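If you want the building blocks of each chain, they are given just below.
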Amino acid sequence: MRRAWLATGVLMLGWAVSVRGEDLAYYLPEGVQYDAAIPKPEAVLGWTVGEWHVRHDQLVEYMRAVAAASDRVQIEEIGRTHEERPLLLLTISSPSNLGRLEDIQRRHRALCNGSRGLPPIEDLPVVTWMGYSVHGNESSGSNAALLAVYHLAAAEGPEIESLLSGSVILVDPSLNPDGLSRFAQWANMHKGKQLVGNPASREHTEGWPAGRTNHYWFDLNRDWLLLQHPESRARVKQFHRWRPNVLTDHHEMGSGSTFFFQPGIPSRKNPNTPLKNVELTEKIGAYHAEILDQNGSLYYSEESFDDFYYGKGSTYPDVHGAVGILFEQASSRGHLQDTKNGPLTFPFTIKNQFLTTLSTLRAARDLRADLLSYQHEFYRTALEEATNDATQAYVFGEASDRGRTQRLVQLLLGHDIQVHRLGQRLTRGERVFEPGVAYIVPAKQPQYRLVKSVFERRTSFEDDAFYDVSAWTLPLAFGLPSPTILASEYRSSFLGERILDGSLPEGRRPPSEGANFYAFEWSEYFAPRALHRLMAAGLEVRAATEPFECDTDGGRRPFDRGAIIVAMGIQREKAAQVPALMDEIARRDGVDVYGIRSGLTPVGIDLGSPSLGEPAHPKPVLVVGGGTSPYAAGELWHLLDERFEMPVALVESNRLGRLDWSEVTHLILVSGSTGEIGGGVLDDLKAWVRGGGTVIATQGAGDWAGRELLPPASDSEKEKKKDEEEKKPQERIPYAEYRANQAKNLVSGAIFETRIDTTHPLGYGYPYDWLPVFRRGTSTWEISDDPYATVAQYVETPLLAGYCSAENQKEIAGKAAVIARRLGRGVVVQIADDPNFRAFWYGPNRVFLNALFFSPLIRSTSDTRTGE
């Protein structure tokens, strides 16, 4: 222990010392012989483990070198990151097991089909998945992967032979290659020959956005369930190919901490997870405690972290009959850091991750029969519970928006969930779900527990505090109605064709000749992408601000507000390109395009009407850097750049003073991005808005926009309420209840119902006024003094799913969710909640996109707040 913490010599806070990486003997078990034919890490890297932070390309080079030298190791590239780095998965086992991998995979999947009898497992290896450093700046995990793979490939003797014959070990050496590379570069470029432990040293204080996240600044440890990124999609595909029994998730935490392993907080287990999962986790935990005690390492469990949200690497296995294990190592955040527990070296953090790799593998081998039996029992009882569930199926689908619907289908299929076309019509109130348009997910299937967790609308919980979100109901996130079918009404005829491909269907293509106009509805999810494609090609485009009917090449049909019109008569030299572009957007964006001969319509506005407005061709700037939330900024960058294929300039907040405002149409502000906007920059911003610019401000930035860009609204009732609260006598509360009460008073992630004005340009394209939103935080806005400016409002009983205290529900009820107000010739749009939370909240995306394209269509409706 003394050597591990002090490394070389005596340290005092801030002193500089020379520390190199440790020799392999420091890390590896004593008394084990190693095959000299297997390359050691330093033979490939040129330095010892822990001397530098390994880059992803170096990690890949070493993994391939070992695979080439060992008959115990197979390696495959399972995908690529956003930055085109390879995602590797190593399969390590005895040569005899490697020769029958397809049979092992088949038999593991057979354990998960819900069959009554346990298949033979006497010769079936346990499958253990080792996952390292999903957060790129928690790099001790990926550096420990070097040691793990070397040990498994090169160790000799009866212990390793027993381990490999009874196990198939899957090594995912870097779950986040882009973030790992970003952080390694930072830590290595700031390392001197004399290491410095002072926490304030630049090596320990990363620049924005830091290395935790992936290319688009997303936390990949929340994406296992959401599958919005290539890293997660590739990984989960392999997960279902193998169906592992144990999966580890190696992390780091604050430097002043020690080491955590699961179980987590007992009261925060997801209720869909069987108690047997916790019992097995506890048994495995005893192995971790033993090996860490031998090393003299401090550790703890059953505190700080929970197992509620199924979208993390340590919890996704729990809903698949496996055991997920979270490891959290105190971080050196560089090569050496002074902490309250003494100097913390990078090699020591790596060693703890390696030791718990070994303890996991030994536990999985020893508990092989228990783990395999549990996985079978998990799925057998799942089918039993499904049979007895009052809800027998979930239906969803929106005829006017196949894009959103298909993206939800894709997500469900990615989790091996059975999805069918709806076999017969279902009516729920005013909503009708038609065969061929809607989909149905039966409860009675092996993935029953996962299905229940993603469709249920739970609002009551054993514990009211959460480490992460309290709700993730997928149909609500996609803004899709999802009625249930109860056992009393369920019939097998509801199940139509089973869906195996969730690809976006092509839209309707119009004739290539004979049309004077082309039109498509705005309700399709990818209509904004289609519009951008047309504008980027130089076409003149108009948007309907009133509904109409017209005779098309497909017969007479209605068009709603927001419908896009392309008139051939004003395209000039671009006219010849129009038919091909219409074909392209139908094919690539899934919109139904109609050809129209006459501009004279039988109902509503004509196609030369002044009620056809000119959408903006956005040239947006997204403010980043400084105190900006990387998550919030990354979500909107990803939405525009990756999903809608629109360029967006990322401008540091401290460079706004040098911005050429004439080249900007929209300024996008997210939480934390406004801290450096003041003085002359604020004056320039106000002048730009008055001249026709649009500010779109979300969450905390919306608070700022209301204060700084718009005159204050009268708020006498709120002031009165504040005065009344201040007069209430303060009650004594036991100090021990402070942390629990703080957590209960948070809105850490719940789903709320709003009503959106579909006649407002920001509401165009929504088929109904019901709009679920995802809320974190308790800040609320009063309804605008301008009665036309509140675009969306929370209903009086707003909570749809998740936890929110009664007091906070009352505070949110009736408040404004989206406000759009004119300032001179420009517009300020305030969006209270995150419009693209973790990229899977498709429903509110349209509000944000409408603010980009349709802000010029928002008329001035009040003189009192605009300065006009």
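All figures in this text were calculated on a predicted structure; none of them were measured in a lab. (Residues numbered from 1 in each chain as written. Predicted model: local features only at pLDDT ≥ 70, side-chain atom pairs only at ≥ 80, totals over all residues. Heavy atoms only, no water.)

### What to know about the overall build of the protein
The helix and strand tally for the protein stands at 25 helices and 37 strands. For 868 residues, the compact-globule formula gives about 29 Å, and the C-alpha radius of gyration of the protein, at 29 Å, lands near that figure. Principal-axis analysis of the C-alpha atoms places the extent of the protein at approximately 90 × 65 × 65 Å. Going through the 868 residues of the protein one by one, you find that 61% of them count as buried. Within the protein, residue pairs in contact and separated by at least 24 positions form 79% of the contacts whose partners lie at least 6 positions apart. Per element, the accessible surface of the protein, about 32,800 Å² overall, is 48% carbon and sulfur. Computing the positive centroid from 92 side-chain charges and the negative centroid from 111, the protein places the two 1 Å apart. (Helix = DSSP H or I, 4+ residues; strand = E, 2+ residues; numbered from the N terminus. Rg over C-alpha atoms; globule rule 2.2 N^0.38 Å. Buried < 20%, exposed > 50% of the residue type's maximum accessible area, 1.4 Å probe, protein only. Contact = heavy atoms within 4.5 Å. Areas by Shrake-Rupley, 256 points an atom, 1.4 Å probe, with all protein chains shown as cover. Lys, Arg positive; Asp, Glu negative; His and termini not counted. Charge placed at Lys NZ, Arg CZ, Asp CG, Glu CD.)

### Regarding the pattern of salt bridges
The tally for this structure, following the rule as stated, stands at 51 salt bridges. A salt bridge links glutamate 77 to arginine 80, with the nearest nitrogen and oxygen atoms 2.7 Å apart. You can call glutamate 77 partly exposed: its relative accessible area is 37%. For arginine 107, the salt bridge identified is with aspartate 123, shortest N-O distance 2.8 Å. Taken together, the residues arginine 107 in helix H6 (residues 101-110) and aspartate 123 in the loop between H6 and strand E5 (126-132) connect sequence positions 16 residues apart. One salt-bridge network, held together by shared partners, links Glu138, Arg212, Asp219, Arg222, Asp468 and Arg838. (Salt bridge = Lys/Arg side-chain N within 4 Å of Asp/Glu carboxyl O.)

### Points about the side chain of arginine 404
Mapped onto the secondary structure, arginine 404 falls in helix H14 (residues 402-414). Its relative accessible area of 3% is what places arginine 404 among the buried residues. A polar contact is formed between the side chain of arginine 404 and the backbone oxygen of glycine 479, at a distance of 3.0 Å. Apart from residues no more than four positions distant in its own chain, arginine 404 is found in contact with Glu398, Phe478, Gly479, Leu480, Tyr525, Pro767, Tyr842 and Gly843. (Polar contact = N/O pair within 3.5 Å; in protein donor to acceptor, adjacent residues only side chain to side chain.)

### Brief notes about the pairing of strand E29 (residues 620-624)
When you tally the buried positions in E29, you get five out of five residues, the bulk of the element. Burial along E29 is two-sided: Pro620, Leu622 and Val624 facing one way and Val621 and Val623 facing the other are all buried. Across three bridges, the pairing between E29 and strand E31 (residues 666-669) is parallel. Residue pairing across strands places valine 621 opposite leucine 667, the latter belonging to E31. Bridge count for E29 against strand E30 (residues 649-652) is four bridges, and the pairing is parallel. Paired with valine 623 across the two strands is valine 651, which belongs to E30. In this view, the connection linking E29 to its parallel neighbour E30 by way of helix H19 (residues 630-643) has right-handed handedness. (Pairing = 2+ DSSP bridges. Right-handed = clockwise from strand over helix to strand, strands pointing away.)

### Points about the pairing of strand E32 (residues 694-698)
Burial runs high along E32: five of the five residues are buried. Burial of the side chains of E32 extends over both faces: Thr694, Ile696 and Thr698 are buried on one face and Val695 and Ala697 on the other. Taken together, the four bridges between E31 and E32 define a ladder with parallel strand orientation. Considered in E32, the bridge of isoleucine 668 is made with isoleucine 696. In this view, the connection linking E31 to its parallel neighbour E32 by way of helix H20 (residues 679-690) has right-handed handedness. Judged from the five bridges that link them, E32 and strand E37 (residues 826-831) form a sheet pairing that is parallel. Looking at E37, one finds that isoleucine 696 is bridged to valine 829.

### Section: a negative patch on the surface
Residues Glu279, Glu282, Glu302 and Glu303 make up a contiguous surface patch of negative charge. Take glutamate 282: it is sitting in helix H11 (residues 275-295). (Patch = residues over 30% accessible without salt bridge, like charges linked within 9 Å, V, L, I, M, F, W, Y side chains within 5 Å.)

### Observations regarding the side chain of arginine 775
In this fold, arginine 775 is placed in strand E34 (residues 770-775). The class for arginine 775 is buried, based on a relative accessible area of 2%. Of the polar contacts made by the side chain of arginine 775, one reaches the backbone oxygen of serine 779; its length is 2.8 Å. In this structure arginine 775 touches Val747, Gly749, Ala750, Phe752, Thr780, Tyr794, Ile812, Ala832 and Asp833, once residues within four positions along its chain are discounted.

### Regarding the environment of leucine 408
Among the structural elements, leucine 408 can be located in helix H14. On the basis of relative accessibility, which here comes to 0%, the residue leucine 408 falls in the buried class. It is 9.9 Å that separates the C-alpha atoms of leucine 408 and leucine 226, two residues lying 182 residues apart in sequence. Ignoring any residue separated from it by four or fewer positions in sequence, one finds leucine 408 in contact with Phe396, Leu474, Pro475, Phe478 and Leu480.

### Some words on helix H9 (residues 177-189)
For H9, which comprises 13 residues, the first-to-last C-alpha distance of 18 Å matches the rise-based estimate of 18 Å (1.5 Å per residue) to within 8%. Within H9, ten of the 13 residues are buried, which leaves the element mostly enclosed by the surrounding structure. Considered for burial, the residues of H9 that qualify are Pro177, Asp178, Gly179, Leu180, Ser181, Phe183, Ala184, Trp186, Ala187 and Asn188. Packed against the buried residues of H9 are helix H4 (56-69), strand E4 (86-92), helix H7 (140-154) and helix H10 (230-242). (Expected span 1.5 Å × (residues − 1).)

### Digging into the environment of arginine 588
Take arginine 588: it is sitting in helix H18 (residues 578-589). Residues arginine 588 and glutamate 807, spaced 219 residues apart in sequence, show a C-alpha to C-alpha distance of 47 Å. Once residues lying within four places of it in the same chain are set aside, the contact partners of arginine 588 are Leu504, Arg529, Arg533 and Glu645. A distance of 3.5 Å separates a polar atom in the side chain of arginine 588 from a polar atom in the side chain of glutamate 645.

### Here's the deal with the sheet that holds strand E20 (residues 495-498)
Pairing in this open sheet of five strands is antiparallel, and the strands run E19-E14-E18-E15-E20 from one edge to the other. Looking at strand neighbours, the two that pair on one side only are strand E19 (484-486) and E20, the edges of this open sheet. Geometrically, the sheet is characterised by an average inter-axis angle of 35° between neighbouring strands, direction not taken into account. Where strand E14 (residues 391-396) meets strand E18 (residues 439-442), four bridges bridge the pair, whose relative direction is antiparallel. When the bridges of E18 are listed, tyrosine 394 appears paired with valine 441. Helix H15 (residues 448-455) contacts E14 and E18 of the sheet and is inclined by roughly 55° relative to E14. (Axes fitted to C-alpha atoms, helices over the stretch in contact; angles between N-to-C directions.)

### Overview of H6
Buried within H6 are the following residues: Leu101, Ile104, Gln105, Arg107 and His108. Burial along H6 is one-sided: seen end-on, the buried residues are contained in an arc of 165°. (Arc of directions from axis to C-beta.)

### Description of unusual backbone geometry
Generally, phi is negative for residues other than glycine and the peptide bonds are trans, each holding for most cases. A cis amide bond links tryptophan 208 with the next residue in sequence, proline 209, at an omega value of 5°. Looking at where proline 209 falls in the secondary structure, it is placed in the loop between strand E8 (195-196) and H10. Following glutamine 262, the chain continues into proline 263 via a peptide bond in cis, with omega recorded as 25°. Position of proline 263 among the secondary structure elements: in the loop between strand E10 (259-261) and H11.

### Re the sheet that holds strand E36 (residues 816-823)
Strand pairing in a sheet relies on backbone hydrogen bonds. The paired strands run either parallel or antiparallel. Reading across the sheet, the nine strands line up as E30-E29-E31-E32-E37-E36-E35-E33-E34 and stay open at both edges, with mixed pairing between neighbours. Edge strands, defined here as strands with exactly one partner in the open sheet, are E30 and E34. When strand polarity is set aside, the average angle formed by the axes of neighbouring strands in this sheet is 25°. Against the sheet, helix H21 (residues 700-708) makes contact with E31, E32 and E37, and its axis sits at roughly 130° relative to E32, the strand it touches most.

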